[in-house]
Every structure is written in structure tokens, then in C-alpha cells.
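Structure assessment
The primary structure of each chain is shown beneath.
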Amino acid sequence: MAEVVEFRVPTGSDQTLLVWGLEPEPGLEHSLFSAFSKFGPLYSVRAHRNAAVAGPGYYAVVKFYSAEDASRAQRACNGQRLFQKSPLKVCVCTKQKGFQHQALALNSNKCQELANHYLGFNGWSSRIITLQNVSGFDGENEELGKTLQKRSVKYLCAVEVTLPNHGVRTRGVALAEADVENGEDPLEFVTASRRAQKLAVGKALSSAFQKILLVVLENGKVAVEYNSTQEELTDSLTEEELKGLVQVSELSLEQFDLEEEEVLSDLSFDDELPGQAMPSN
């Protein structure tokens with residue numbers, strides 16, 4: 001049976017494994033990752049100390065993107081020693097009742113990792129269509145008396161992701177903002193601009209990936225579908241219209257905010273400023 005994998009944080013109980021009977025050792029999470037990543041890409045591995053009533057030792061929560069990968073890992077690893085002397089107990093998480101977690105968009109780093117796994121490093125590419133400074137567009141920073149007070153810079157970015165082997169092309173548009181701690185220091189504006197640019201590019205790339213559905217077939221091959229439920233009004237615009245987006249007086253910048261997990265992990269302040277093109281993968 002085919003399985004659909006999205007570029008979103010996995011929330012299904014059938015994508016989550018509980019591992020207990022773990023012995024304390026240096027690099028425990030790394031050992032777990034090495035053992036379970038053999039069955040498919042992992043979203044996260046978290047090891048925790050047992051509660052006092054449960055006795056010494058650790059347990060772990062391992063999250064897969066694919067429920068099928070999680071099931072295979074459970075069958076293969078349950079009762080095995082793997083990297084320690086005593087056998088582990090591994091089970092698929094039971095279905096959680098009550099509150100349903102919202103499936104947040106993956107950050108751009110995790111999107112790229114997932115794309116590389118299923119599509120290959122040369123199976124997709126991305127480029128920046130436009131990256132514009134929209135600071136003060138809504139008049140926030142133009143009020144009297146705010147010139148020397150705390151201000152912020154905003155960037156709007158549009159990114160295109162192309163999957164040449166599947167004939168799929170998607171776009172993502174996102175807004176990012178960074179505070180300027182000291183409005184009198186020019187260097188503060190440069191630093192804040194770099195942060196806002198990097199965050200805008202990352203959020204736009206993540207937004208573009210939200211429109212892609214990976215269909216993993218039983219034979220291991222991957223098909224791709226366009227997720228029309230994530231389509232936006234900006235998808236119908238030409239590149240010239242996208243580049244002139246901030247000229248539209250009716251534009252509401254808030255519509256480009258994206259609920260994305262761990263967005264700060266996309267930022268590395270020692271990196272170069274993003275250019276107008278992103279390297280192909």
C-alpha cells in the first residue's frame with residue numbers, strides 16, 4: 001500500500017516508537033539514531049531518564065516521517081540488544097486520545113533532508129525569485145518618535161522549488177522580521193537585516209515544500225503529487241508580478257506568516273548573506 005509523506009512535523013502515533021530498557025551510556029541518542037535511521041529518515045530521537053518509580057535506566061521516543069518505516073523498525077529491533085548488552089523493548093505508540101496536535105511545517109533544513117532522502121540530491125533544486133526589504137511598508141516604523149527607539153527590519157521572500165524528474169514546480173512566499181536593538185548603531189541594522197533575510201528565505205523554502213506530497217510506493221519508488229490544498233493566491237502570479245508584490249497597496253503582509261517548527265535552527269549568523277539564487281541539490 002502506498003504511503004503519503006508530507007513536509008510537516010509527524011504527529012501520528014503510528015509514526016512514533018517507544019524504546020525502553022536503555023542502559024546509560026555516552027552518546028545514547030546518537031546510538032539510537034544510528035540504529036533506527038537504517039529503516040528510514042527520522043524526525044527526532046529523544047532519550048529521557050526513567051521516572052523514580054520505574055527504576056534506573058532510560059527510555060526514548062523515536063519519531064519517523066513514515067509509519068511503514070516505524071513499523072519495520074519495531075519488528076526488527078524489539079527484543080534485540082542493538083548497541084548494548086541487554087535487549088531493548090520497542091513498541092509503536094498507542095493512539096493518543098483527546099487533544100490533536102497541529103501538524104506544523106518542517107523548517108527548511110529538515111525539508112531539504114527529507115527531499116534529499118526521497119528524491120536524491122539531484123532530484124530537486126530551488127532558487128530565490130525575489131528578496132525584498134519591506135520595512136516600514138505598513139507604517140510601523142514611521143511613527144513620530146520611533147526614529148531613535150527600537151525598530152525592526154522586515155523582508156519578504158519568494159522561492160521556487162523544482163522537481164525536474166516529476167514535472168512539479170512550486171512556490172513559497174514568506175515574511176520575516178528581526179528587531180534592531182540599537183537604532184543609532186548602523187551595524188545593528190546590518191546584523192538584523194542578515195537575520196531577517198535568512199529567516200525569510202528559510203520560511204519561503206519551507207512554504208514551497210508544503211505544496212509537495214511524496215507518495216512512497218510498496219516497491220520503494222517515490223511518486224510526487226502537487227498539494228492543491230496549500231495553494232496560495234501568489235502561485236498564479238508571474239515572476240514580474242511577484243517581484244513587484246510590495247507595490248500592491250491592498251497587500252497584507254500578515255498573510256505570509258508561516259507556522260514553522262524550529263525556524264531558528266535555519267539561522268547561522270556566521271554564514272554569508274543569501275543571494276538571489278540558491279544552489280541546486
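Refer to the structure above for everything that follows.
What counts and what doesn't
- Residues numbered from 1 in each chain as written.
- Predicted model: local features only at pLDDT ≥ 70, side-chain atom pairs only at ≥ 80, totals over all residues.
- Heavy atoms only, no water.
- Pairing = 2+ DSSP bridges.
- Helix = DSSP H or I, 4+ residues; strand = E, 2+ residues; numbered from the N terminus.
- Axes fitted to C-alpha atoms, helices over the stretch in contact; angles between N-to-C directions.
- Buried < 20%, exposed > 50% of the residue type's maximum accessible area, 1.4 Å probe, protein only.
- Arc of directions from axis to C-beta.
- Contact = heavy atoms within 4.5 Å.
- Phe/Tyr/Trp six-rings, centres within 6.5 Å; stacked < 30°, edge-to-face > 60°.

**Comments concerning the sheet that holds strand β10 (residues 222–226)**
Strand order in the open sheet formed by three strands is β1-β9-β10, with antiparallel pairing between adjacent strands. Because the sheet does not close on itself, it has two edges, and the strands there are β1 (3–6) and β10. Strand-to-strand, the axes of this sheet are offset by a mean angle of 30 degrees, without reference to chain direction. Across four bridges, β1 lies against strand β9 (residues 212–216) in antiparallel orientation. Looking across to β9, one finds that glutamate 3 is bridged to valine 216.

**Re helix α1 (residues 28–36)**
Note that an α-helix has 3.6 residues per turn; residues three or four places apart therefore point the same way. Residues of α1 that are buried include every one of Leu28, Ser31, Leu32, Ala35 and Phe36, and no others. Projected down its long axis, α1 carries its buried residues within an arc of 115 degrees, all on one side. Those residues of α1 that are buried are in contact with β2 (16–22), β3 (42–49), β4 (58–64), α2 (67–77) and β5 (89–92).

**Concerning the packing of aromatic side chains**
Here the structure, examined in full by the defined rule, presents three aromatic pairs. When the centroid spacing of 6.0 Å and the interplanar angle of 80 degrees are considered together, the rings of tyrosine 43 and tyrosine 65 count as edge-to-face. Of this pair, tyrosine 43 sits in strand β3 while tyrosine 65 sits in the loop between β4 and α2; the two residues are 22 residues apart in sequence, bridging distant segments of the chain. Exposure class is identical for tyrosine 43 and tyrosine 65. Each is buried. Seen from their ring centres, tryptophan 124 and phenylalanine 209 are 5.4 Å apart, and the 70 degrees between their planes marks the pair as edge-to-face.

**Quick word on the sheet that holds β4**
The strand order across the open sheet formed by four strands is β3-β4-β2-β5, and the pairing between neighbours is antiparallel. The sheet is open, and its two borders are formed by β3 and β5, each paired with just one other strand. Pairs of neighbouring strands in the sheet enclose a mean axial angle of 15 degrees, with direction left out of account. Sheet topology places β2 next to β5; four bridges connect them, and they run antiparallel. Bridge pairing in β5 places valine 19 opposite valine 90. Strands β2, β4 and β5 of the sheet are contacted by α2, whose axis makes an angle of about 155 degrees with β5.

Just geometry here; none of it tells us what the structure is for.
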